[in-house]
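The chain contents come next:
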Amino acid sequence: MSHAIRADKFLLDADRTTWHDETLWFVREKRDRAAYGVPEFQELRELASGIKNHTLSRLDLYLQEFEAAAQANGVHVHWAADAAEHNAIILDIIQQQGATRIVKSKSMLTEECHLNPYLIKHGIEVVDTDLGERIIQFRDEPPSHIVLPAIHLKKEDVGDTFHTHLGTEKGESDPQRLTEAARQHLRGKFIAGEVAISGVNFAIAETGGVVVCTNEGNADLGVNLAAVHIACMGIEKIIPRLTDLGVFTRLLARSATGQPVTTYTSHFTKPVAGKEMHIVIVDNGRTQQLGRPDFRASLKCIRCGACMNTCPVYRRSGGHSYDFTVPGPIGAILSPNIDMKKHASLPFASTLCGSCTDVCPVKIDIHTQLYKWRQVLGEANEIPAAKKWSMKFMGRVLASTRVYGLGGQFARKALRLLPHGLTHAPSMNAWAVARELPEAPRQSFREWYAKQPQPATQLPNPKVPA
């Protein structure tokens with residue numbers, strides 16, 4: 001099912017679509033105010049981009065340095081080539097502990113690997129402790145945003161969900177009371193948790209430590225109460241030195257939610273005495289992306305979600321329309337690398353306006369990569385035949401001044417003479433379902449210009465007096 005077909009379902013609820021659009025644009029405006037408040041913000045972006053470029057060029061060396069430092073700290077380091085290995089490693093650690101109750105903070109990598117259903121299938125209770133993640137876990141839905149996983153839901157939806165699963169009063173929609181209900185519910189889960197799983201925002205090669213950024217403190221509570229901490233990280237999370245971290249923490253929260261910094265920026269370097277710490281380092285297609293010169297820079301992503309908040313297509317179509325763990329512009333670059341056939345429509349879910357590139361804190365050329373993916377997909381015959389041949393036809397038209405001019409004449413006459421129901425029929429012109437063209441002019445600009453008095457091609461040189 002293509003992105004356009006899935007987006008149609010989201011668009012059926014016009015009020016929700018408008019609310020979703022306006023809410024994310026509000027977050028985008030917060031980002032702008034936070035960025036403009038830092039005079040050196042553009043210099044920070046350039047520095048962060050340079051650090052990431054440098055790290056990716058020596059990724060193997062920094063990963064080895066990180067592993068050695070982590071092991072010296074008493075941390076168990078595991079390597080996973082793909083999602084299956086990642087899940088099997090985590091299950092093995094849990095079973096060695098004889099544990100059955102897991103508390104998990106937000107981790108897009110575990111979502112990518114579909115860890116929750118895998119563990120549940122093996123008899124493990126998994127509780128997502130991030131509030132947004134817990135809401136969508138109750139609803140058996142994937143996240144629709146990487147920072148705001150339940151952004152597609154209104155407070156009334158949350159009230160209905162909590163009434164069903166937590167026994168809150170029917171019709172309750174007060175955010176404070178709903179949050180308190182979630183807090184009371186989760187406290188017991190934290191205390192009972194035997195193993196805590198977290199994601200990783202940054203991994204420091206120099207120290208062997210990992211950094212987790214949250215606003216709710218749920219990662220810290222889970223990790224400090226459980227006997228075992230498992231941190232799951234993609235290979236691209238590495239940065240070289242601890243002194244590099246400040247560059248990214250100044251960019252991350254400002255780009256994500258418009259905050260100066262996340263409420264909790266927690267460093268986990270070694271296990272507490274009597275406890276265990278494990279780090280699972282995952283590839284799952286990342287080295288393949290690293291080997292694609294045109295798309296390597298996508299691995300610089302720090303998962304702030306700024307490109308989603310600004311994207312006019314994402315805001316109006318919803319995150320679930322992408323059918324990928326990471327939606328929006330950056331997801332449309334990452335997803336074809338995982339499954340080119342399944343996600344062939346996503347690079348076309350963009351206006352190529354460049355707003356995503358403008359707000360990216362690590363200066364990924366997102367809209368350029370979306371354009372390049374379109375070329376790759378076309379060459380691989382992974383786009384619909386109608387799109388492929390229509391693009392070839394338009395390429396011929398646009399390459400010929402004469403054909404383009406004749407086409408314009410025909411189109412202008414057709415739009416004036418043919419019935420509106422025919423020119424705008426959904427079955428023939430899906431573009432016109434939600435748009436209207438201006439009245440067709442009688443002549444093109446080129447035709448108008450040709451009738452205007454033409455200036456002299458060259459003015460005579462004035463005589464210079466002796």
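Cut-off values and rules
- Residues numbered from 1 in each chain as written.
- Predicted model: local features only at pLDDT ≥ 70, side-chain atom pairs only at ≥ 80, totals over all residues.
- Heavy atoms only, no water.
- Helix = DSSP H or I, 4+ residues; strand = E, 2+ residues; numbered from the N terminus.
- Buried < 20%, exposed > 50% of the residue type's maximum accessible area, 1.4 Å probe, protein only.
- Contact = heavy atoms within 4.5 Å.
- Polar contact = N/O pair within 3.5 Å; in protein donor to acceptor, adjacent residues only side chain to side chain.
- Phe/Tyr/Trp six-rings, centres within 6.5 Å; stacked < 30°, edge-to-face > 60°.
- Pairing = 2+ DSSP bridges.
- Axes fitted to C-alpha atoms, helices over the stretch in contact; angles between N-to-C directions.
- Patch = residues over 30% accessible without salt bridge, like charges linked within 9 Å, V, L, I, M, F, W, Y side chains within 5 Å.
- Areas by Shrake-Rupley, 256 points an atom, 1.4 Å probe, with all protein chains shown as cover.
- Salt bridge = Lys/Arg side-chain N within 4 Å of Asp/Glu carboxyl O.

As recorded in an unreviewed UniProt entry, the chain goes by Lactate utilization protein and comes from Hymenobacter negativus.

**Topic: the environment of T100**
Its location among the elements puts T100 in the loop between helix 5 (83-97) and strand 2 (101-104). For T100, a relative accessible area of 36% translates into the label partly exposed. Taking the C-alpha atoms as reference points, T100 and L119, 19 residues apart in sequence, are found 9.4 Å from one another. For T100, the residues in contact, after removing those within four places along its chain, are G123, I124, E125 and E194.

**Structural notes on the side chain of N309**
Along the polypeptide, N309 turns up in helix 14 (residues 306-310). At 3.5 Å, the side chain of N309 and the backbone oxygen of A256 are in polar contact. If sequence neighbours within four positions are ignored, N309 has contacts with L24, W25, V27, R28, H145, S255, A256 and R315.

**Here's the deal with the packing of aromatic side chains**
Enumeration over the complete set of coordinates arrives at 6 aromatic pairs. Consider the rings of F295 and W373, whose centres lie 4.3 Å apart with planes at 15°: the pair is stacked. Here W373 lies in helix 18 (residues 366-379) and F295 lies in the loop between helix 13 (286-290) and helix 14, a separation of 78 residues in the sequence. A residue is classified by how much of its surface remains accessible, and F295, at 3% relative accessible area, is buried. Take W373: its relative accessible area is 0%, and that puts it in the buried class. The interplanar angle of 25° and the centroid separation of 6.0 Å between the aromatic rings of F445 and Y449 together place this pair among those described as stacked.

**Structural notes on the sheet that holds strand 6 (residues 209-214)**
Taken together, the 4 strands give an open sheet; going across it, the order is 8-5-6-9, and neighbouring strands pair in mixed fashion. Edge positions in the sheet fall to strand 8 (238-239) and strand 9 (264-268), since each of these pairs with one other strand and no more. Of the pairings in the sheet, the one linking strand 5 (residues 202-204) to strand 6 comprises 3 bridges and is antiparallel in character. Bridging across to strand 6, I204 finds its partner in G209.

**Some words on the sheet that holds strand 10 (residues 276-282)**
Reading across from one edge, 1-10-7-4-2-3 is the order of the 6 strands in this open sheet, with parallel pairing throughout. Only two strands of the sheet have a single partner each, and these edge strands are strand 1 (76-80) and strand 3 (125-128). Each strand of the sheet is rotated relative to its neighbour by a mean of 20°, with strand direction disregarded. Sheet analysis places strand 2 next to strand 4 (residues 195-198), joined by 3 bridges and oriented parallel. The residue of strand 4 that forms the bridge with V103 is A196. Helix-sheet contacts for helix 10 (residues 175-192) involve strand 2 and strand 3, and the interaxial angle to strand 3 is about 130°.

**Overview of the environment of M394**
Here M394 lies in helix 19 (residues 385-399). Separated by 10 residues in sequence, M394 and Y404 have C-alpha atoms that sit 9.3 Å apart.

**Focus on the pairing of strand 2**
Pairing of strand 2 with strand 3, which is carried by 4 bridges, proceeds in the parallel orientation. Each bridged residue has a counterpart across the sheet, and for V103 the counterpart in strand 3 is V127.

**Side note on the environment of V126**
Tracing the sequence through the fold places V126 in strand 3. As for V126 and T100, which are separated by 26 residues in sequence, their C-alpha atoms are 8.5 Å apart. Leaving out residues up to four positions away in the same chain, V126 has contacts with I102, K104, N116, L119, I120, R134 and Q137.

**Points about a nonpolar patch on the surface**
Taken together, M391, F393, M394, L398 and Y404 make up a surface patch of nonpolar side chains, about 580 Å² in accessible area. At 4 residues, the largest contribution of residues to the nonpolar patch is made by helix 19. Structurally, M391 is set in helix 19.

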